[in-house]
Amino acid sequence: MKLIIDTDAGVDDAHALMMALACPDAQVECITTVVGNIDLENVVRNVGTVLDVMDVDVPFYRGAHLPLVAPWRFETEFVHGSDGLGDLRQRPPARHFPADGHAVTQIIERSAAAPGEITLVAIGPLTNVALALRLDPDLPKRLKRLVVMGGSLHAVGNTDIFPAEFNIYCDPEAAHMVFEAFTDILLVTWDATLANPLPTPVFEELTSQPGPRAALYRDSCEGMLKRLEEAGYEAEVLIPDTLTMAVTLRPGLIVASERHHVAVELRGSMSRGQTITDHRSWVRQTPNVECVTEVEIGGVADLFRQFVAPV
């Protein structure tokens with residue numbers, strides 16, 4: 001499986017990258033970076049740290065440092081910390097640095113070089129994907145599939161715009177362009193995240209493992225969970241980006257899904273960035289997404305075990 005991973009490199013993004021890099025039948029062609037959970041320079045730094053800890057050489061590229069239209073502001077420090085990796089206490093000496101070139105160009109050129117072979121996994125805002133579409137409208141025809149972590153089927157959000165999920169909320173115009181252009185997105189929503197947490201015994205098992213991979217997982221999680229508790233949230237281990245990566249790597253883990261037409265609200269004062277789902281096919285538009293609703297979490301846990309295992 002050939003992958004391009006587009007990421008804003010927060011805590012769960014880092015774990016998703018680790019999961020993909022540790023999967024023996026996944027070939028990560030490159031990693032593209034985008035602003036979202038943290039500013040772009042920290043996104044780039046965090047991707048480098050993951051590659052350092054995993055001891056894997058994969059090219060990665062700077063992408064969009066701002067959303068298309070919306071202003072970007074740092075809103076997720078209470079989740080991801082000031083560095084985007086849970087205020088990581090110790091980092092290995094930096095050995096991996098971004099390659100020359102731009103993320104958007106890489107998405108276009110690599111998909112053109114291997115038409116029908118590359119799955120693009122977007123686990124951050126969709127700015128880079130939208131820019132690639134503007135430069136090359138044929139992109140959807142060349143990708144094997146687009147997998148997106150974002151949105152909500154039932155208006156259950158995690159932002160100040162109550163029904164909006166963060167990745168879509170961060171760049172609604174980009175998300176609108178992507179949902180308009182692609183006809184078969186595999187979508188892992190915030191609802192799916194809430195419905196499929198990592199069981200606490202599995203989390204405790206993972207964080208008790210030795211070695212630098214488990215240390216990165218444990219240290220990034222500890223800061224995140226502590227801040228969530230302090231903010232009054234339940235300390236449930238939610239895994240939006242790793243859940244998305246898991247069903248990309250192992251589609252058989254999808255127990256249940258729904259096909260819908262999904263659009264993005266751009267104007268509402270209380271709903272900008274909300275994904276609007278046509279649950280009853282009322283508008284007679286062809287479904288453009290397969291929305292994952294239930295996942296076999298035991299198989300997901302095995303993919304976690306694979307990337308934290310000492311080597």
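Calculation criteria
- Residues numbered from 1 in each chain as written.
- Predicted model: local features only at pLDDT ≥ 70, side-chain atom pairs only at ≥ 80, totals over all residues.
- Heavy atoms only, no water.
- Helix = DSSP H or I, 4+ residues; strand = E, 2+ residues; numbered from the N terminus.
- Rg over C-alpha atoms; globule rule 2.2 N^0.38 Å.
- Buried < 20%, exposed > 50% of the residue type's maximum accessible area, 1.4 Å probe, protein only.
- Contact = heavy atoms within 4.5 Å.
- Areas by Shrake-Rupley, 256 points an atom, 1.4 Å probe, with all protein chains shown as cover.
- Lys, Arg positive; Asp, Glu negative; His and termini not counted.
- Charge placed at Lys NZ, Arg CZ, Asp CG, Glu CD.
- Pairing = 2+ DSSP bridges.
- Axes fitted to C-alpha atoms, helices over the stretch in contact; angles between N-to-C directions.

Describing the overall build of the protein chain
- The helix and strand inventory of the protein chain stands at 13 helices and nine strands.
- Compactness check: the protein chain gives a C-alpha radius of gyration of 18 Å against a globular reference of 19 Å for 311 residues, within 12% of the reference.
- Per-residue burial over the protein chain gives 58% buried out of 311 residues.
- Considering only contacts in the protein chain between residues 6 or more positions apart, those separated by 24 or more positions represent 82%.
- Within the structure as shown, the protein chain displays about 12800 Å² of accessible surface, and the carbon and sulfur contribution to it stands at 52%.
- Distance from the positive charge centre (24 side chains) to the negative charge centre (43 side chains) of the protein chain: 4 Å.

Quick look at the pairing of strand β9 (residues 289-295)
- Here β9 lies mainly inside the structure; five of its seven residues are buried.
- As defined by bridge partners, strand β6 (residues 185-188) adjoins β9 across four bridges and the pair is classed as parallel. Considered in β9, the bridge of Leu187 is made with Cys291.

Some thoughts on the sheet that holds strand β8 (residues 275-278)
- The mixed open sheet is built from nine strands, whose spatial order is β3-β2-β1-β4-β5-β6-β9-β7-β8. If you trace the sheet from one side to the other, it starts and ends with β3 (60-61) and β8, each paired once.
- Pairing of strand β1 (residues 2-7) with strand β2 (residues 27-33), which is carried by six bridges, proceeds in the parallel orientation. Residue pairing across strands places Asp6 opposite Thr32, the latter belonging to β2.
- Those strands touched by helix α8 (residues 172-181) are β5 (145-149), β6, β7 (254-264) and β9, and its axis lies near 110° from that of β7.
- Lying on the sheet, helix α12 (residues 240-249) is in contact with β1, β4 (118-122), β5, β6, β7 and β9; it crosses β5 at an angle near 155°.

Treat this as a map of the structure, not an account of what it does.
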